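Structural features, examined
Here is how the chains run, residue by residue.
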Amino acid sequence: MCGIIGYCGQHRASEILIEGLKRLEYRGYDSAGLCLVENNNLVCYKRVGPVAHLEEAVARQDLGGHVGIAHTRWATHGIPSEVNAHPHFDCHHQIAIVHNGIIENYQALKELLISEGHIFSSETDSEVLAHLIEKFYKGSLEEAVTKALALVEGSYGLVALHASENKLVAARRSSPLIIGVGQDEIFIASDVPAILNHTKDVVYLQDGDLAIIDSKGYQIKNLAGKLLDRQVEEVKLSMEQIEKKGYKHFMLKEIFEQPQSLANVLAGRITDNQIKLSLNWHREVIQRIIIAACGTSWHSALIGKYLLEEIVGLPVEVDYASEFRYRHPLVSSHDLFIAISQSGETADTLAALREARSRGAQSLGIVNVVGSTVAREVDSGIYLHAGPEIGVASTKAFTAQITALLLLALYWRHEAGYEIDKKILNELRHLPTVAEKTLEANSQVIELAQRFMNFENFLYLGRGLNFPVALEGALKLKEISYIHAEGYPAAEIKHGPIALVDENMPVVVLATKNDLSDKTLSNIQEIKARGGQVIAIVDQDYEPVKKLADYLIKVPVVHVWLSPIINVIPLQLLAYYIADAKGLDVDRPRNLAKSVTVE
Ligand code: AGP
C-alpha cells in the first residue's frame, strides 16, 4: 500500500503535502514525491528513501503553489527509484497523477499507448494512468479521468491534476481515499492521519466515486457523471490511534491484516488448475534445495523443507544464514539456494546468498520489501506483497512466507508434469477467509493471556509441519514479553525437557488433527502426569484432547499443508496479549531491531 495526499487551498501546498506524507509513512516508505501547479506549470520533486529525503530537497526551494499532490511509495511494480517514484506524468508534463493500488491490465494499456506514440519513463503500472488521461484530455480533466478509468482493470486510489486547471480529480476503487473539508481549503488523502492537523471533517469516498476538488469545495459523482451525496463525518480518534487503524500496536494491526496479506500473496498467482509464478531458473538441473534465513524467516524455511520435500521430491537443507556463510558449504550448480527475508536486508542472509552464488548455486528470494538488496541480487524471486511490516515481531510476513513456499512447491510440481490436486488449490483460495475465522479466537486468547502473563517459562510443542510453528510461537513470546520459552518436537520432551515440567511450566501444544495426532496425545498425557498445564491448539472436537488439555484454542480445519499458517495465529495473539498485559513496548521490544543489517 502507498500513501497519497492532495491539497487545494490558500496555504502553500508543499508544506502541507510534506507534513501529510510523514503521517502516512506507515503505509510505505521506499520513495516519495510531490507535484505543484505554479503559474500553469508543474513543479515536481522526487526522492528515493523516506519522506525526510524529499523534505530536505524541497526545503531549499521557495515553492508557492496552492494546488498539489504527493505520494509515499510501497513498491509493487518496479524497484524503489526516483524514476519509479510518484507522481507520474504524461508526455507533455501537463498532467500528474499519484496512485495507490495495482492496475492489472497495465501491460496491455501500455502497449496500446506506446503504439499511439506515448513514451514511458518508469517500470511502474501506475504511469499508464497519466498517459491514458492524456489520451482523452480535451480541456476537461474530469472528463479525461472518467474516460481513462473506463479502460482500467484493478484497484486504484487515484488523484490527478493538470497544469492549466486549479483543481484535483480523485477516484477510488478498492484503495481508500478520504476528502478533508477545511475552511477554504480541501484535502484528499489515503487516510485520516495525513490531514488530522487541519480538519476533523472528512468524507469517505466509496468504490466507484469520482471527486472534483478545488479550494472552494468539492463534488462527488459516479463514473456515469451522476452527482452523489456523501455524508461529512467528524473523526473521533487520536492521531496515534489512527496510524494504527485503531489498533493499540502495529503488531496487532499486522496480525489482523493477515487475511488481506494472504490474499495479496495469492493474488494473480492461482488459477483453477495451476499456480502462476515467473521464475528465471534452470529447474531441470536442480538436484538439491538449500534454504537459509534468520529468526522467524528460518522457521518458515523449516516449514518449506517439509513442503518441498513432500511435494517436489528433492532433498532440502535448511541453514541458519549465519552458520551457512562461515561453514565453507558444499554447494554446486545443481543447487537452488533460497533466501527468505522479510526486509531483504538481513546481513547474514545476504552474506549467505552471496556465498551460495559464488559457489555456483542458482538463487531465489522470498522477500517482502520490493527492491531490497536480497531481491535485487537473486536470480528469481517471489514477492510477498504483504505490505509494510512495522512491528519488530514478524507476523504477517511469516504466514505469507509459508504461503509463498507452498505456491513454489505446487508450481514446481506442475512444471515437472504433475497435476495439482484441485482440493489444495481451492483451500488456498479460501485461505484468507479461513484466517479471518481463525482470528475469532481473539477474545479467548485475551483471557488466556491474563491467566498466564506472570509465568516465567513456557514450552511449545509440535510435530511435523507444526514443529517449526512451536519454535515460532516460542520466539514470538520471547521477543516481546521477555518470558523464556522453548519450542521442541513434541516427542523430544522425553529426552530431557520433560524434567522441566511442573505446575509452573505451561506447555502449548499444536494438536490439530493429522497423522501424528495420537502420538501428540501421548505427549499431552506425559505432561499432565507431571502436573503441567496444557494449552492445546485444536481444529475439531477431538474428544481425547478435549478431555486432557486444560485449555483449548480452536482453529478451523485445513489441509495439513496449510495448518502452520492457521495454527500460528493464536500463538501470535497469545504472545501479543501477554506482552501487552505486562505493559511492554510491543512494537519496539528491548534490544531488538526490525531489520538486523549488521553481523
Ligand atoms: C522475528 O519476529 C524477528 N523480528 C526476527 O527474528 C526476524 O525474523 C529476523 O531478524 C529475520 O528478518 P528478515 O526476515 O527481515 O530477514
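The structure we're discussing is the one just above.
Throughout what follows, the structure given in this document is the object of discussion. Please read these numbers as outputs of a predicted model, since none were measured by experiment. (Residues numbered from 1 in each chain as written. Predicted model: local features only at pLDDT ≥ 70, side-chain atom pairs only at ≥ 80, totals over all residues. Heavy atoms only, no water.)

1. Here we look at the overall build of the chain
To keep things clear, this is the line we draw: Put simply, DSSP marks the helices as runs of H or I at least four residues long and the strands as runs of E at least two long, and each gets a number from the N terminus on. With C-alpha atoms as the basis for the radius of gyration, the globule rule is written as 2.2 Å multiplied by the number of residues raised to the power 0.38. To sort residues, take the accessible area from a 1.4 Å probe on protein chains only and compare it with the maximum for the residue type: under 20% means buried, over 50% means exposed, and anything in between is partly exposed. When checking whether two residues touch, look at their non-hydrogen atoms; a contact exists if any pair is within 4.5 Å. To measure how exposed things are, a 1.4 Å probe is used in the Shrake-Rupley method; for residues, cover is taken only from the protein chains shown.
Counting its secondary structure elements, the chain contains 20 helices and 24 strands. Expected size for 599 residues packed as a compact globule is a radius of gyration near 25 Å; at 26 Å, the chain falls within 12% of this value. Referenced to the eigenvectors of the C-alpha coordinate spread, the extents of the chain come out at roughly 80 × 55 × 45 Å. Looking at the chain as a whole, 60% of its 599 residues are labelled buried. Long-range pairs, those at least 24 residues apart, make up 71% of the contacts in the chain with a sequence separation of at least 6. Surface summary for the chain: the accessible area is close to 23000 Å², and the carbon and sulfur share equals 48%.

2. As for the sheet that holds strand 3 (residues 41-48)
Just so we agree on the cut-off: Following DSSP output, two strands are said to pair if at least two bridges run between them. A fitted line through C-alpha atoms serves as each axis, taken over the contacting stretch for helices, and the angle formed by two N-to-C directions is quoted from 0 to 180°.
Ordered in space as 3-2-4-1-10-9-11-14, the 8 strands form an open sheet in which the pairing is antiparallel. Bordering the open sheet on either side are strand 3 and strand 14 (233-234), each of which pairs with just one other strand. Of the strand pairs in this sheet, strand 1 (residues 3-8) and strand 4 (residues 67-73) are connected by 6 bridges, and their pairing is antiparallel. Opposite Tyr7, over in strand 4, you have Gly68 as the bridge partner. In this fold helix 1 (residues 13-23) packs onto strand 1, strand 2 (31-38), strand 4 and strand 10 (186-189), with an angle of close to 155 degrees to the strand it touches most, strand 1. Along the sheet, helix 2 (residues 51-59) contacts strand 2, strand 3 and strand 4; its crossing angle with strand 3, the most-contacted strand, is approximately 135 degrees.

3. What to know about the sheet that holds strand 8 (residues 165-173)
One open sheet accounts for 6 strands, arranged 5-6-7-8-12-13; its pairing is antiparallel. The strands lining the two open edges of the sheet, one partner per strand, are strand 5 (88-89) and strand 13 (217-222). Relative to the sheet, helix 4 (residues 127-136) contacts strand 5, strand 6 (95-100) and strand 7 (156-162), its axis offset from that of strand 6 by approximately 140 degrees.

4. Notes on the environment of Asp229
With respect to the helices and strands, the residue Asp229 is situated in the loop between strand 13 and strand 14. Along the primary structure Asp229 and Asp90 are separated by 139 residues, whereas in three dimensions their C-alpha atoms are 32 Å apart.

5. Overview of the environment of Ala352
By the element assignment, Ala352 lies in helix 11 (residues 347-358). Spatially, the C-alpha atom of Ala352 lies 9.2 Å from that of Phe337, the residues being 15 residues apart in sequence. Residue contacts for Ala352: discarding those within four places in its chain leaves Ala292, Ala321, Phe324, Arg325 and Phe337.

6. A short note on the site of the ligand
The line we're drawing: Whether a residue is near a molecule or strand depends on its heavy atoms: if one lies within 4 Å, it is near. Side-chain atoms alone can form a polar contact between residues adjacent in sequence; in general such a contact is a pair of N or O atoms within 3.5 Å, and within protein one must be able to donate a hydrogen while the other accepts it.
Neighbouring residues of the ligand: 13 residues in total, closest Ser297, Ser341, Ser343, Thr346 and Glu479. Here Thr296 contributes a backbone N or O atom positioned 3.1 Å from an oxygen atom of the ligand. Between the ligand and Lys476 there is a distance of 2.9 Å, counted from an oxygen atom to a side-chain nitrogen or oxygen. For the ligand, whose free accessible area comes to 410 Å², the fraction covered by protein is 91%. Take the shell around the ligand: its biggest share by element is 3 residues, from helix 9 (residues 295-311).

7. Overview of the side chain of Arg325
Its location among the elements puts Arg325 in the loop between helix 10 (321-324) and strand 17 (335-341). Take Arg325: its relative accessible area is 16%, and that puts it in the buried class. Looking at Arg325, its side chain comes within polar contact range of the side chain of Tyr326, at 3.4 Å.

8. Observations concerning the pairing of strand 24 (residues 551-554)
To be explicit about the condition: The crossover handedness rule: strands pointing away from the viewer, path from first strand over the helix to second strand clockwise, crossover right-handed.
In this sheet, strand 24 lies alongside strand 23 (residues 534-538) in parallel orientation, the contact comprising 4 bridges. The partner of Ile537 across the bridge, within strand 24, is Ile553. Handedness of the crossover joining strand 23 and strand 24 through helix 19 (residues 543-548) is recorded here as right-handed.

9. With respect to the environment of Val159
Take Val159: it is sitting in strand 7. Classification of Val159 by relative accessible area gives buried; the value is 0%. Residues Val159 and Gly6 lie 153 residues apart in sequence; the distance between their C-alpha atoms is 7.2 Å. Not counting the four nearest positions on each side in its chain, Val159 is found in contact with Ile4, Ile69, Ala96, Ile97, Val98, Leu168, Val169, Ala170, Leu177 and Ile188.

10. Re the pairing of strand 22 (residues 507-510)
Burial along strand 22 is two-sided: the face carrying Val507 and Val509 and the face carrying Val508 and Leu510 are both buried. One ladder, built from 3 bridges, connects strand 20 (residues 457-462) with strand 22; its direction is parallel. Looking across to strand 22, one finds that Leu459 is bridged to Val507. Inspection of the sheet shows strand 22 paired to strand 23 by 4 bridges, in the parallel sense. Bridge assignment links Val507 to a residue of strand 23, and that residue is Val534. In the classification by handedness, the crossover that spans strand 22, the intervening helix 18 (residues 517-529) and the parallel strand 23 is right-handed.

11. What about the packing of helix 13 (residues 396-415) against helix 20 (residues 563-581)?
Basically, it comes down to this: By definition in this entry, angles of less than 35 degrees are roughly parallel, angles greater than 145 are roughly antiparallel, angles of 65 to 115 are roughly perpendicular, and the rest are oblique. Here the term charged refers only to Asp, Glu, Lys and Arg, the term nonpolar to Ala, Val, Leu, Ile, Met, Phe, Trp, Tyr, Cys and Pro, and the term polar to all other amino acids, Gly among them.
Their axes nearest at 10 Å, the elements helix 13 and helix 20 cross at an angle of 170 degrees. As far as their axial angle goes, helix 20 and helix 13 are roughly antiparallel. Residues Phe398, Thr399, Ile402 and Thr403 of helix 13 form the contact with helix 20, whose participating residues are Pro564, Ile565, Val568 and Gln572. Class assignment of the residues belonging to the contact of helix 13 with helix 20 gives a composition of 5 nonpolar, 3 polar and no charged.

12. So, the side chain of Ser14
Tracing the backbone shows Ser14 in helix 1. According to the relative accessible area criterion, Ser14 is buried, its value standing at 6%. With residues up to four places along the chain from it excluded, the contact list for Ser14 reads Leu36, Val58 and Leu63.

13. Here's the deal with helix 4
Residues spaced three or four apart along an α-helix face the same direction, because each turn holds 3.6 residues. In terms of burial, helix 4 is a largely internal element, 9 of the 10 residues being buried. Here helix 4 has its buried residues at Glu127, Val128, Leu129, Ala130, His131, Leu132, Ile133, Glu134 and Phe136.

14. A closer look at the pattern of salt bridges
Test applied: Definition used for salt bridges: Asp or Glu carboxyl oxygen within 4 Å of a side-chain nitrogen of Lys or Arg.
Applying the stated criterion to the full structure yields 27 salt bridges. Glu143 is paired through a salt bridge with Lys147; the nearest N and O atoms lie 3.3 Å apart. Linking Glu143 with Lys147, this pair stays in helix 5 (residues 141-149), spanning 4 residues, or about one helical turn. Residue Arg327 is joined to Glu317 by a salt bridge in which the shortest nitrogen-to-oxygen separation is 3.4 Å.

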